Amino acid sequence: MAYFWIILLLFAVLRVIHCEISPFGPENEENYKEYYNYLALTRRLHSFVERYPRISNLASIGKSIEGRELWVMRVTTHSIMDVPGKPRVRYVGNMHGDEAVSRQVLVYLIEYLLTQYGTDPRVTALVNYTDIYIMPSMNPDGFERAIEGDCKGNSAGRDNAKHVDLNRSFPEQFDATSTLANDAPEITAVIKWILQRNPADDAALFRRAQCPDDPNEKFKDGITNRAESYDVKGGMQYFSYLRGNCFEVTFELSCCKYPLASDLYTEWNNNREALLTYMEKVHIGIRGYVMTSAGIGLPDSNISVAGIDHSITTWIFGDYYRLLLPGTYNITASSPGWYHSKTVHNVKVNEGRAMLLNFILKDLIEEMPLLESPASAIPTTARHQVLSSQGVSTLLSKVQQHDSSYHSYLDMEQFLHRISTVHSSVAHFYSIGQSVRGRKLYVMEISTNPGTDQPGKPQVMFVGSMHGNDAVGREILLNLVEYLCLNYGNEPLVTQLVNTTRVHILPFMNPDGNEGAVDGMRYSIDQNTDLNLNFPELSYARDFVQPETTAVMNWIKAYSFALSASILGGMIGIKYPNSVGSLDEAVFKSITNAYYMVSAELVPSKANLKIDYFCFLLFFPGSGIDLQTWAYRNTDTLGVSIGMSCDRSPPAEDLLAYWKQNHRALLKYIQQVHFSVRGRVTDIQSGQAIANATIVVEGSRHQVHATSTGRYWRLMCDPSLYFLTRYAASVMTVRVLETQVEQVDFWLTQEQLLQSEGQMEEEEFRKLVEGLSSALSLEQLVQSLLPAGTLLYRNYKERSEFLRGLALSFPHITRLYGLGHSWEFRTIWALEISGSPESLRPTEPKMRYVAGVHGNAAAGPELLLEFASVLCINYGWNPTITKLIDRSRIVIVPCVNPDGRELAQEGRCFSTAGLTNAHSVDLDTDFLYGNISVQPETHAMMDLIEGGGFTLSVVLEGGSLMATYPYDRPTQAVQNEETLRYLASVYVSNHPLMHLGYIGCSDGLGRNEIPQGVLRGAEFNSHTGSMKDFSMDVDACPEVTVYVGCCLYPPLQQLLPLWTEHAMPLFAMLLEIHKGVSGVVQDREGQPVAGAVVRVNGSLLVRTDTRGYFHTLLAPGTHQLQVQAPGFQEQLTQVNVSSHQMASPIMIQFTANSSRFAQKVELAAAISIATVILCSLLVWHFRSSKFRRIRDHVRWLHRRRDDLHLEAILSEKSPLRRVFLEESESDDDTFYLEHH
């Protein structure tokens, strides 16, 4: 009992201590008796969120100098996301650390709003319809140094920890300089917060004015303009008003900066009503939305009031709140990139809640004049008359009559400088890089507000003079620069194009080549590299890329051009990229037609000129691809090459004629960028733009990406219907009209963003696989890799140490383990290379490389060790190798027969020493089922193969120059032979000599030539027990045996040439495991079906894993799949497999799920049988029991009869004698009949 009282006393003491320490009572209620230090404030704010999670959210906007969080409490419904229609209010306290009243009062305000919500109608309405942000302390470091009771501020707590006055350090209106971020991170955090949130109303709380010790401070009604009181440079108030879309005032709450805690309750009572009333004022004035005609909100639109030199901008939803006093106003809304601003006159603002005023702005493109197309060829003498009749006669009025001479580089530089100076309002001159000889590559941007980011405008790019002697493109583009600038403001179409488009023009891509070109020369090239074929086919292959090409590539990626064109001579016509899908081909043809129909030179009926759509179908011997093909594959832009003349350098006097023939078509071409889909991708929770979001159109492999502001543009063919989607977000049906831009905005959640990132990675890898599938690209990859330089012959000990060194050097991508031991107890090593070697990822294909099955074939093990080294040292350095390793699981077994390898001798090309293992067994004849004397080396490989999951296997042998595919058994019927032969041909076709079929040595049958270098195994060396046959039988994994050369053990100096020949085929086989066909089999409810059998072309069998997933390699072509599973009806499907495309998972779903019906039938039958059996047992049991009772009863009667009989003998006069006899005989007869 004594212990109980002691524990109770300790509990009471601890409770008292807790209450003394805590600034609030046991029920988390305020006691208004103490100031909160930083830790207490943090605890208090967190406790609010725990108790009121539905209407509160706590976040830190940054940290102070000393690392304290700058807490902001958000109080509103839906407090974790942004919703339209709510004005935002901000309270900031304790900006000066020693002015402490506001710090406590704002905490009390938070508590009051949270505790009274749902009880007090006024507070409930305020929280429901207002987005409230409260920052109790902007200067937590200063507060920790301040001293309670210090009314004058003598404690040095006013400034932050770096002695910066936070209310004197914001950027000024007329002075852009501000305090460095390192000295005032609090300022940086608040600036970022202000610019992101854009509140309509704001207050900074300090201390009260008109104090007794300041007799000269007399403010009428307690209000003053800050400048009339004292000048504050760098104040938050000015910054919020000028930059933050916010009206901000400062409340001075107390004459004493840091009054005693006993005064806090009084201070709260003095200010509570004022704080609530001030927040309510955010609902006065006008409110509404700025929208497109389709009802899409326009963020960052301007709202201005006539007579007031202060505009505000709309928020992310296009909503706005403009505080105004009662009166009559003229309100104007405008948006960059949209049509005329709209003004509503005589808007009457009344007392009370803000009036709703929405603005709908028309797109500039909706009223852009369209160029008409001539119905037929127009004679040169009649062209001016036709143009005049179409109402666009001014199109030729400002074409400059140049002095019929070419521009040199210096002439061009001076010309562009002059244009940018004279027309600075629409022309901006900049450089994107330098040529080989140091000449700058100048670009002219033509647009309103040039040189600034303009989210509402699409961007168009023109490039000229890619060939140095091509004067046509250069001079046409210089004319275009001048024409757009001179006609801006005079010609309606030009004006609208400049207003709504950012046009970037690069006249000289090859200034070095231009300086050496000769006037009038035809088709000559005056440079060592053709820049138009200098763009890399893949992103990694850049060793050959010239600086001019690099500059253009970086330029295109930086500016997100939606449309581009190369202007050139040497051809007449339009070329677009090769390998485009049907949807994008329609877009290119639409663009091409638009140009043709307006061009005076390229009209289809022109005599002796065949007009057609040109496509890059020819193979050029250059080291890369052309600009437009590269841009189509790697960037957002769709572009063409426009040829205007058969001469690259025609006589100078002809240039003006080319310009007149094409300038209208160029305007029409620029106009095409507006016949598209555009929009914005936004995070639905934060409202912030999502940069680099990927937008795809169903049926197209071309992607576009959102800019840093979340904007995107995607050209479409008009008029058409499309399905536009943002990865993992949503699918929208879009109709593109000939004269209208379709606005499609996407709103994504964080979960969708994470999903879409995975899809983007998948799409990037798909492009990589397809790009590498061309021999040229794969060769460029292999040549670009860092060499390992490890080629030499190693004995078992050296090979083991080498493998351990690789594993130790690259632990994050390798795993070294032993499969077993040889007869002489040497370890059979396996090196696994993967992005996650310790864990198997779903759908990750596995590749097996094996060598040294025969110990005398000594080159194979060294080639695989070199291959492993190249993979490892290039991981993280070469992005392509990194992605391949991350998406693959590569198992390398360098030597299956280490004992035999120790016996082999260098230079002995045909020696059999080491062919068998130490037990004199050819291991490639030992892979037999039921073999009780299986060799340990064979057993080790059997275990590896039986482990399953391998997609493809390659075995390196020696003694010939060819490849064989399964089977080695002479009588084995080959299923799916087309695929097996194709896989062998993949290796062979990438070898420089093997595909020729000349092996250079006898194959043992006297043959020196093998067609295409590929044979079925049984045709080359027929035998049983081979490893390739076992791999097919057990794991359904195709295995290709490659004979790397005629010499089994070539001299050391031949290893490097062998590696050079076999490196590319080894990588090609690694690439192959990502092709074929893959898919998921599901039931009708979407659940995976494990163990389903997928029969390919009626023969090859593949089974699904536990996730319903399957993958198999197939030869290019069309294949039939039959999918079967117990309890399901068979499904049939057809797939097309390409040698250049990655396997795209297909979905196979059992539409008629008969499993439940079958289960019900089986259950009913089982129940019926059980019922019959049960009934039979019951009947039998019942009858058996009855008969037992009858029998016992009869026996008793018999005994009783005997007794009575005995008694009858004793008394012949018994009256029952006769009756008993009759009954007993009757019963006995009954018993007898029942049993018979």
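Residues numbered from 1 in each chain as written. Predicted model: local features only at pLDDT ≥ 70, side-chain atom pairs only at ≥ 80, totals over all residues. Heavy atoms only, no water.

**Observations concerning the side chain of N534**
Now for step 1: For N534, the position within the fold is in the loop between α14 (511–515) and α15 (547–559).
Now for step 2: Only 2.8 Å separates the side chain of N534 from the backbone nitrogen of Q546, close enough to count as a polar contact. (Helix = DSSP H or I, 4+ residues; strand = E, 2+ residues; numbered from the N terminus. Polar contact = N/O pair within 3.5 Å; in protein donor to acceptor, adjacent residues only side chain to side chain.)

**Considerations on the packing of aromatic side chains**
Aromatic rings in a pair are described by how distant their centres are and how their planes are angled relative to each other.
Now for step 1: In this structure the tally under the stated criterion is 24 aromatic pairs.
Now for step 2: Ring plane angle 25° and centroid distance 6.4 Å describe the contact between Y409 and Y442, whose orientation is recorded as stacked. Of the two residues, Y409 is situated in helix α11 (residues 409–422) and Y442 in strand β16 (residues 440–446); the sequence distance between them amounts to 33 residues. For the pair Y409 and Y442, one class covers both residues: buried.
Now for step 3: Chaining the aromatic ring pairs together yields one cluster made of Y409, F429, Y442 and F508.
Now for step 4: Over the ring of F802 we find R794, and its NZ or CZ is 4.2 Å from the ring centre.
Now for step 5: Its end group placed over the ring of F950, R848 keeps NZ or CZ at 4.7 Å from the ring centre. (Phe/Tyr/Trp six-rings, centres within 6.5 Å; stacked < 30°, edge-to-face > 60°. Buried < 20%, exposed > 50% of the residue type's maximum accessible area, 1.4 Å probe, protein only. Lys NZ or Arg CZ within 6 Å of the ring centre and 35° of its normal.)

**Focus on the side chain of Q1082**
Now for step 1: Mapping Q1082 onto the fold places it in strand β39 (residues 1077–1082).
Now for step 2: When neighbours within four sequence positions are excluded, Q1082 is seen to be in contact with Q1087, P1088, V1089, M1147, I1148, Q1149 and F1150. (Contact = heavy atoms within 4.5 Å.)

**A few points about the sheet that holds strand β40 (residues 1093–1096)**
Now for step 1: Taken in spatial order, the 4 strands make up an open sheet running β41-β40-β43-β44, and their pairing is antiparallel. Sheet topology places β41 (1100–1103) and β44 (1131–1137) at the edges, where each strand pairs with a single neighbour. Taking the axes of each pair of neighbouring strands and ignoring which way they run, one obtains an average angle of 30° across the sheet.
Now for step 2: Here strand β43 (residues 1117–1124) runs beside β44; their pairing, made up of 7 bridges, is antiparallel. When the sheet's bridge partners are listed, V1123 is paired in β44 with Q1131. (Pairing = 2+ DSSP bridges. Axes fitted to C-alpha atoms, helices over the stretch in contact; angles between N-to-C directions.)

**Some remarks on the environment of M509**
Now for step 1: With respect to the helices and strands, the residue M509 is situated in the loop between β18 (502–506) and α14.
Now for step 2: Judged by relative accessible area, M509 falls into the buried class, the value being 0%.
Now for step 3: The spatial distance from the C-alpha of M509 to the C-alpha of G468 is 8.3 Å, given a sequence separation of 41 residues.
Now for step 4: With near-sequence residues (within four places) excluded, M509 lies in contact with L441, V463, G464, S465, M466, L531, F535, E548, T549 and V552.

**Thoughts on the sheet that holds strand β11 (residues 327–334)**
Now for step 1: In spatial order, the strands read β9-β8-β11-β12; together these 4 strands make up an open sheet with antiparallel pairing. Each of the sheet's edge strands pairs with one partner strand only, and the pair in question is β9 (312–313) and β12 (342–349).
Now for step 2: Across 4 bridges, the pairing between strand β8 (residues 302–305) and β11 is antiparallel. Across the sheet, the residue bridging to S304 is T332, located in β11.

**A few points about empty space enclosed by the protein**
Now for step 1: Applying the stated criterion across every chain yields a total of 9 cavities of 30 Å³ or more.
Now for step 2: Empty space within the second largest cavity amounts to approximately 70 Å³.
Now for step 3: If you trace the second largest cavity, you find it lined by Q975, N976, T979, L980, M1032, A1036, P1038, L1100, T1112 and L1113.
Now for step 4: For the lining of the second largest cavity, the per-class residue count stands at 6 nonpolar, 4 polar and no charged. (1 Å grid on protein atoms, 1.4 Å probe; cavity = no way out; pocket = protein on both sides within 12 Å on 5 of 7 lines; lining within 4 Å. Points joined across faces, edges and corners; volume = space filled by probe spheres on them. Nonpolar A, V, L, I, M, F, W, Y, C, P; charged D, E, K, R; others polar.)

**Describing the pairing of β39**
Now for step 1: Along β39, 5 of the 6 residues are buried, which leaves the element largely enclosed by surrounding structure.
Now for step 2: As judged from the 4 bridges shared by β39 and strand β45 (residues 1146–1149), these two strands associate in the parallel manner. Paired with V1080 across the strands is M1147, a residue of β45.

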